[in-house]
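# Commentary on secondary and tertiary structure
Below are the chains, spelled out letter by letter.
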Amino acid sequence: MTQKKPITIARGDGIGPQIMDAVLTILDKAGAQLEIHEIEIGEKMYEQGYSSGIKPEAWDTLRKTGVFLKAPITTPMGGGFKSLNVTVRKSMGLFANVRPCVAYAPYVKTHFPNMDMVVIRENEEDLYAGIEYRHTQDAYESMKLISRPGSERICRYAFEYARANGRKKVTCMVKDNIMKMSDGMFYKVFEEVAKDYPEIENDRWIIDIGAARIAARPEEFDVVVTLNLYGDIISDIAAEVTGSVGLGGSSNVGENCAMFEAIHGSAPRMAPDTANPSGLLLGALMMLNHIGQQPVAEKIHNAWLRTLEDGIHTKDIYRDDLSKKKVGTTEFAQAVVERLGQLPQTMKPVSYPSGEDTKIKMVPPKAAVPQTKALVGTDIYLDWKNGTPDQLAEKLLDVAEELKLTLITNRGVKVWPEGQPETFCSDHWRCRFLAEESGVSTIMPAQIIMLLARINGAGLDFIKAENLYRYNGEQGYSAGQGE
Ligand code: NAD
């Protein structure tokens, strides 16, 4: 008899408690060996003043068990509340979000009967760093932070996942034609990592056309790895085109902990006992696989497929022409329990192989080779409403002294020197100062401080300074659009 594995569960809000009950019943009847520790999260915790929706004590339970099966919660609207999901993912270092998106045709209606793809989304970085500012009356900033080790870790995880699951191809989706530095680095790392997996095909799509292709021809994709925001969007598209978001499960994996959930939210407006528990169930099966209880996962998965085949469907997937019986959450779970031990008859039975070569290896990112870093200039951002780019340049040339004003942009577009008269100018200006035109000679940090003092003295309102560096001689900042 397998030893009971301690796990943490949370029932969440809305449909959460119902689908969690259904899933726990199925796990129990199938013989999953679990020691369940329950924590409270969500609306009630937010109301009690815990801004992240979780009590501080709950972290100890999560840390001790290292495995979290979580039902969806309702995130309150309005300021002051932080997303619990983002907090848990980031606090526990759950860097990889894995979402298998599979079609169950003809039993669940979809245009893509052969679809079987997995989206692997970077979970900690990108715009989800949540670093935002209001710079001026008109302009706001959200910071997109991408690190090289973060990129290497997720790309490697995607290839390791592909290898462990017998997948043939990994596709990278980025927008490196525009974000040449952040997305460009992510793709470069992807290419480097891909070399270590010669048996796995790899390719790259620009995210916009890639997302369109997932919506139109998802059967062409196998494993897709991408940055946080793109992954958020394409994993929902991919789940939706399988036939229902109610069918998607996901895992969030880190080195020491993992969280398993449905991809959908708490659907607070759904009538009681009508929700489909399949998303959370499939999340729970990923959990059983993770904790080494593959035979139980396999038994449940096949019983679940058989239930779908038998036309026992919840409202979200019920179709008069395909379904035999419309059931609620509890009855659906009961139907799965009754089929434990049975295999699907027309869909392919699922197998959960165990053993060393099916384990996903966590390979730490390579140590960075130190590079030379040279400060060559600064971009000073100004809040300025009083005139034309030429007038602003005139004021700045007066205070530049030994530094060279080389460029002014407004919302990224060059407006000086030789801007286009048609360019709309907001109150948000970026002004580039370098040691000299080519930006190769270095400057001292004190020169930036003195420049800021002169800018302030000239009555100009600076918002921030962004230092410009070269790394091993290579420019570490982008050119202005139109430069
Ligand atoms: P949602 O996913 O909760 O619901 C959207 C619609 O999808 C529902 O109206 C319903 O028609 C359908 N649906 C979702 N789950 C279903 C299921 N199991 N069975 C059948 N149909 C299902 O999205 P929403 O309405 O945008 O969000 C509701 C709340 O959930 C919000 O507070 C949101 O912040 C939160 N949310 C939580 C999580 C999470 O905890 N992981 C994820 C997404 C959204």
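Because the structure is predicted, anything quoted here is derived from the model rather than measured.

Rules used throughout
Residues numbered from 1 in each chain as written. Predicted model: local features only at pLDDT ≥ 70, side-chain atom pairs only at ≥ 80, totals over all residues. Heavy atoms only, no water. Pairing = 2+ DSSP bridges. Helix = DSSP H or I, 4+ residues; strand = E, 2+ residues; numbered from the N terminus. Contact = heavy atoms within 4.5 Å. Axes fitted to C-alpha atoms, helices over the stretch in contact; angles between N-to-C directions. Buried < 20%, exposed > 50% of the residue type's maximum accessible area, 1.4 Å probe, protein only. Near = heavy atom within 4 Å. Polar contact = N/O pair within 3.5 Å; in protein donor to acceptor, adjacent residues only side chain to side chain. Areas by Shrake-Rupley, 256 points an atom, 1.4 Å probe, with all protein chains shown as cover. Nonpolar A, V, L, I, M, F, W, Y, C, P; charged D, E, K, R; others polar. Phe/Tyr/Trp six-rings, centres within 6.5 Å; stacked < 30°, edge-to-face > 60°. Lys NZ or Arg CZ within 6 Å of the ring centre and 35° of its normal.

### Quick word on the sheet that holds strand β15 (residues 373–383)
- Taken together, six strands build an open sheet; the order of strands is β17-β16-β18-β15-β19-β20 and the sheet is antiparallel. Looking along the sheet, the strands with just one partner apiece sit at the ends: β17 (413–416) and β20 (474–475).
- The pairing of β15 with strand β19 (residues 461–471) spans 10 bridges and is classified as antiparallel. Along β19, the bridge assignment pairs I380 with A465.
- Here helix α12 (residues 389–400) sits on the sheet in contact with β15, β16 (404–410), β17 and β18 (428–434), set at roughly 150 degrees to β16.
- Strand contacts of helix α13 (residues 445–457): β15, β18 and β19, with the helix running at about 15 degrees to β15, the strand carrying the most contacts.

### Notes on the pairing of β16
- Counting buried residues in β16 gives six out of seven residues, a clear majority hidden from the surface.
- Of the pairings in the sheet, the one linking β16 to β18 comprises six bridges and is antiparallel in character. Of the residues in β18, the one forming a bridge with L407 is R432.

### Structural notes on the site of the ligand
- Around the ligand sit 18 residues, and of these I73, N85, G265, A267 and N276 come closest.
- In this structure, a nitrogen atom belonging to the ligand sits 3.3 Å away from a side-chain N or O atom of E261.
- With respect to the ligand, the backbone of S266 contributes an N or O atom lying 3.0 Å from an oxygen atom.
- When the ligand sits alone it has 810 Å² of accessible area, and the protein chains cover 65% of it.
- Here the shell around the ligand is built from residues that sort into eight nonpolar, seven polar and three charged.

### A closer look at the packing of aromatic side chains
- If you walk through the whole model with that rule in mind, you get nine aromatic pairs.
- Plain terms: the ring middles of F159 and F190 are 5.3 Å apart, the flat faces sit at 40 degrees to each other, and that makes the pair tilted. In this pair, F159 is assigned in helix α5 (residues 148–164) and F190 in helix α6 (residues 182–194), connecting sequence segments 31 residues apart.
- Accessibility expressed as a relative area gives 0% for F159, which makes it buried.
- Judged by its relative accessible area of 0%, F190 is buried.
- Taken together, a centroid distance of 5.1 Å and an interplanar angle of 20 degrees make the contact between F159 and Y197 stacked. Here Y197 lies in the loop between α6 and β9 (201–206) and F159 lies in helix α5, a separation of 38 residues in the sequence. Y197 shares its class with F159; the two are buried.
- Every member of this aromatic cluster is reached through a ring pair, and the members are F159, Y187, F190 and Y197.
- Sitting over the face of the ring of F95, R153 holds its NZ or CZ atom 4.2 Å from the ring centroid.
- The ring of Y318 has K326 sitting right over it, with the charged end atom 4.9 Å from the ring centre.

### Here's the deal with unusual backbone geometry
- The step from A105 to P106 runs through a cis peptide bond, and the omega angle for that step is -5 degrees.
- Here P106 shows up in the loop between β4 (96–102) and β5 (116–122).
- In this structure, P417 follows W416 across a cis peptide bond, with omega equal to -10 degrees.
- As for its position among the elements, P417 is in the loop between β17 and β18.
- For E401, which is not glycine, the phi dihedral falls at a positive 50 degrees.
- Mapped onto the secondary structure, E401 falls in the loop between α12 and β16.
- Judged by relative accessible area, which is 57%, E401 ranks as exposed.
- Its identity as a non-glycine residue notwithstanding, N472 has a phi of 50 degrees, on the positive side.
- On the secondary structure map, N472 appears in the loop between β19 and β20.

Functional significance is not addressed by these values, which are geometric in nature.
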